[in-house]
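Here are the chains, one letter per residue:
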Amino acid sequence: MSTNLLIVAFERPAIDWHAVAPEIVLLSVGVLITLLDILFLEKARPYMAALSGLGILATAIPLLTLGIDGTERVLFDGAYVVDNFSLVLKAIFLLAGYVVILLSTNYIVDGDYWESEYYGLLLASLMGMIMMASSRDLISVFVALELLSIPAYLMVAWRKRDPKSNEAGLKYYLMGVFASAVMLYGMSLLFGVSGTTVLSEIADSIDAGNGSSSVMTLGIVFVVAGFAFKVSAVPFHTWAPDVYEGAPTPVTAFLSVASKAAGFVALLALIFVGFYELSNIWEPLIWILAALSMTVGNLVALRQTNIVRLMAYSGVAQTGFMIAPLAVAGHSLSTGNQALSAIVTYLAIYAAMNLGAFAVIITLARRTGSAEIDSFSGAFHFAPGLTVAMTIFLFSLAGIPPLGGWFAKFEVFRVLATSGETWGYLLAVVAAINSVIALFYYATIARKMWADDPSEKDLNNIEVTPSLVSALAICVLVTLLFGIFPQLVARFTEVSLLAFGV
Amino acid sequence: MSITTTWYLLLAAILFSIGTTGLLVRRNPLIMFMCIELMLNAVNITFVSIGSHLNDLGGQLAVFFVLVVAAAEVVIGLALVVAIMRRRSRTNADDLKILGG
């Protein structure tokens, strides 16, 4: 009798295999790489990077068919959703992951470190991000967050004989686990008030009048703080410069782009699907985070001498720009949708230009043996192509037309200025001042690379590996294309989460 | 006086505060790990007590995920500490100061 009951009680939920095909392909490649590594050890090593790159491309195929199909697929009672929003972000993650693999080839192994496991971890982390894009449930958001973070802790500490890398790993780990514990406590409070973990049902419960409870407020504050850490917004940014400096540079590129984007995805899903109605709680919070991140990030970036630390602080400032539209997103449904599109646009363009900048930094730092900005002086004399590419990326980051970063910033300003809220205008003013400050330090790097005399005597042209050339080509192409034809990226990022959220 | 759900929630809140304070104040990574465990277990208590209060299995279910993830996290953390201990004699979070500026 009791066994009967058990059998009746569990009924497998219907699974839409097409919807989860990208995840399954990526998982299979990850498992395959781990197995090949165990079976063949050193013999398999030369093929691992290529294999994981191909695996990511294979993952993109079901993503494309899902995109062509275009229907919104809801799995597991709304806990896992495949819609246009999640597909666009999955594509961004995959592209970023592919470029990071190109950057890591030949680099990770430097200094006689293991390489094969690295790609396994990278794919596992990517898997977490891809799950994050579809998660619409507190538990699946949490599991996806940990799946993307835990391999990242190991990747940061990859150079285990380098005390800097160890230190960066432990710092990232302690701060990361602390943030996820705070976020988790917030989630348990949200569950306590609403009695459910599915985001759309939390929204229903808020509609039913549970939103006024102070426990709900506390829960939202904790959850937003947890993700503010992930996207490195001030005052939760302190880990970023140290971790970026200590980690192997391809891992830094991965963290600064993919991991940050994943934090944004979760934040967007939580705010737009879960507690959109409570904009009086999260709007001021986001406003403060945005204004602080822009200002503090840019001001501290001004006095950095190490280019990786500078990129870390510039990343903090860019986070401020990306998060800014959220501060007015609760004004009306149309503003909300515009804010969402602006953030997704920014994430896509930021991924290309930041990865590109890191590709140049990796190549130049290998030649000069230092990441000090001064060591890049006169790079034009021994690496003209790289200098041109770096200039494109830096000016794009600063937001100069006709490069991609210009359109990203334009969208942010458009949302802030058309929201019709005083706070929106104020934030637009803060953002405008910060754009000028940012231009100063980006242009300083470019000036040193073009105009200064090289500090070393060896003026032979730098050799760039084919994988780095492809990575640079992808990034330059995307940065230019999105800047010159902004309607191209706008077509893809015209996504909405509010349709079923409200 | 009967023990109601409120007491459990209060206990969880106190445990969470102790964990947070400990993490921010103490400088030994092992103690810091313990504080993280305290925080995560406070979360577990909250989930379980609310779950039983609402008669909803979702709360208990959440705890399984938290437990598994916490175990994975501690393994990684200990591995990092071992890697650092091999290079230096003692471990103290304040000694980690090569990076900065």
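To start, this report covers the structure provided alongside it. (Residues numbered from 1 in each chain as written. Chains lettered and ligands numbered in written order. Predicted model: local features only at pLDDT ≥ 70, side-chain atom pairs only at ≥ 80, totals over all residues. Heavy atoms only, no water.)

So, on to a negative patch on the surface. Residues and elements named next belong to chain A. Together, Asp77, Glu201, Asp204, Asp207 and Glu277 make up a negatively charged patch on the protein surface. Mapped onto the elements of the fold, glutamate 277 is located in the loop between helix H11 (249-274) and helix H12 (279-302). Judged by its relative accessible area of 44%, glutamate 277 falls in the partly exposed class. (Patch = residues over 30% accessible without salt bridge, like charges linked within 9 Å, V, L, I, M, F, W, Y side chains within 5 Å. Areas by Shrake-Rupley, 256 points an atom, 1.4 Å probe, with all protein chains shown as cover. Salt bridge = Lys/Arg side-chain N within 4 Å of Asp/Glu carboxyl O. Lys, Arg positive; Asp, Glu negative; His and termini not counted. Charge placed at Lys NZ, Arg CZ, Asp CG, Glu CD. Helix = DSSP H or I, 4+ residues; strand = E, 2+ residues; numbered from the N terminus. Buried < 20%, exposed > 50% of the residue type's maximum accessible area, 1.4 Å probe, protein only.)

Okay, the side chain of asparagine 166 of chain A next. Note on placement: asparagine 166 of chain A falls in helix H7 (residues 163-194). Among the polar contacts listed, one links the side chain of asparagine 166 of chain A to the backbone oxygen of lysine 160 of chain A, at a separation of 3.4 Å. Filtering out sequence-adjacent residues up to four positions away, asparagine 166 of chain A remains in contact with Ala157, Arg159 and Lys160 of chain A together with Ala83, Ile84 and Arg87 of chain B. (Polar contact = N/O pair within 3.5 Å; in protein donor to acceptor, adjacent residues only side chain to side chain. Contact = heavy atoms within 4.5 Å.)

Let's shift gears to unusual backbone geometry. As a rule of thumb, non-glycine residues mostly have phi less than zero, and peptide bonds are mostly trans rather than cis. All names here are of chain A. Here the residue pair valine 234 and proline 235 is connected by a cis peptide bond, since its omega of 5 degrees sits within 30 degrees of zero. Structurally, proline 235 is set in the loop between helix H9 (214-230) and helix H10 (239-246). Following proline 401, the chain continues into proline 402 via a peptide bond in cis, with omega recorded as 5 degrees. Tracing the chain through its elements places proline 402 in the loop between helix H16 (384-398) and helix H17 (404-418).

Moving on, we get to the interface of chain A and chain B. Between chain A and chain B, the residue contacts involve 38 residues of the former and 41 residues of the latter. For the pair chain A and chain B, the two sides together bury roughly 3500 Å², of which 80% comes from carbon and sulfur. Inspection of the chain A/chain B interface yields 0 salt bridges. Here chain A is connected to chain B by 1 residue pair in polar contact (both at pLDDT 80 or more). Mapped onto the side of chain A that touches chain B, the elements with two or more residues apiece are helix H6 (138-156), H7 and H10 of chain A. Among the elements that line the side of chain A that touches chain B, the one with the most residues is H7 of chain A, at 21 residues. Here the side of chain A that touches chain B is built from residues that sort into 21 nonpolar, 8 polar and 9 charged. (Buried area = accessible area lost by both parts, 1.4 Å probe. Nonpolar A, V, L, I, M, F, W, Y, C, P; charged D, E, K, R; others polar.)

This part covers the packing of H16 of chain A against H17 of chain A. Residue and element names in this part refer to chain A. Taken N-terminus to C-terminus, the directions of H16 and H17 make an angle of 10 degrees; their axes are 7 Å apart at the nearest point. Here H16 lies roughly parallel to H17, going by the angle between them. Across from Ser396, Leu397 and Ala398 in H16, the residues of H17 making contact are Gly404, Gly405, Trp406 and Lys409. (Axes fitted to C-alpha atoms, helices over the stretch in contact; angles between N-to-C directions. Parallel < 35°, antiparallel > 145°, perpendicular 65-115°, else oblique.)

Turning next to the environment of serine 28 of chain A. Mapped onto the fold, serine 28 of chain A is located in helix H2 (residues 21-40). Taking the C-alpha atoms as reference, serine 28 of chain A lies 31 Å from serine 232 of chain A; in sequence the two are 204 residues apart.

To continue, consider the packing of H16 of chain A against helix H18 (residues 422-451) of chain A. Residues and elements named next belong to chain A. Where H16 meets H18, the closest approach of the two axes is 9 Å, and the angle between their N-to-C directions is 170 degrees. Here H16 lies roughly antiparallel to H18, going by the angle between them. Two secondary-structure elements touch here, H16 through Thr387, Val388, Met390, Thr391, Leu394, Phe395, Leu397 and Ala398 and H18 through Leu439, Tyr442, Ala443, Ile445, Ala446, Met449 and Trp450.

Residues and elements named next belong to chain A. By the secondary structure assignment, asparagine 434 is in helix H18. Given the relative accessible area of 2%, asparagine 434 is considered buried. As a C-alpha pair, asparagine 434 and glutamine 318 span 116 residues in sequence and 10.0 Å in three-dimensional space. If we skip the residues at most four places from it in the chain, asparagine 434 touches Met294, Thr295, Asn298 and Phe321.

These figures come from the coordinates and say nothing about function on their own.
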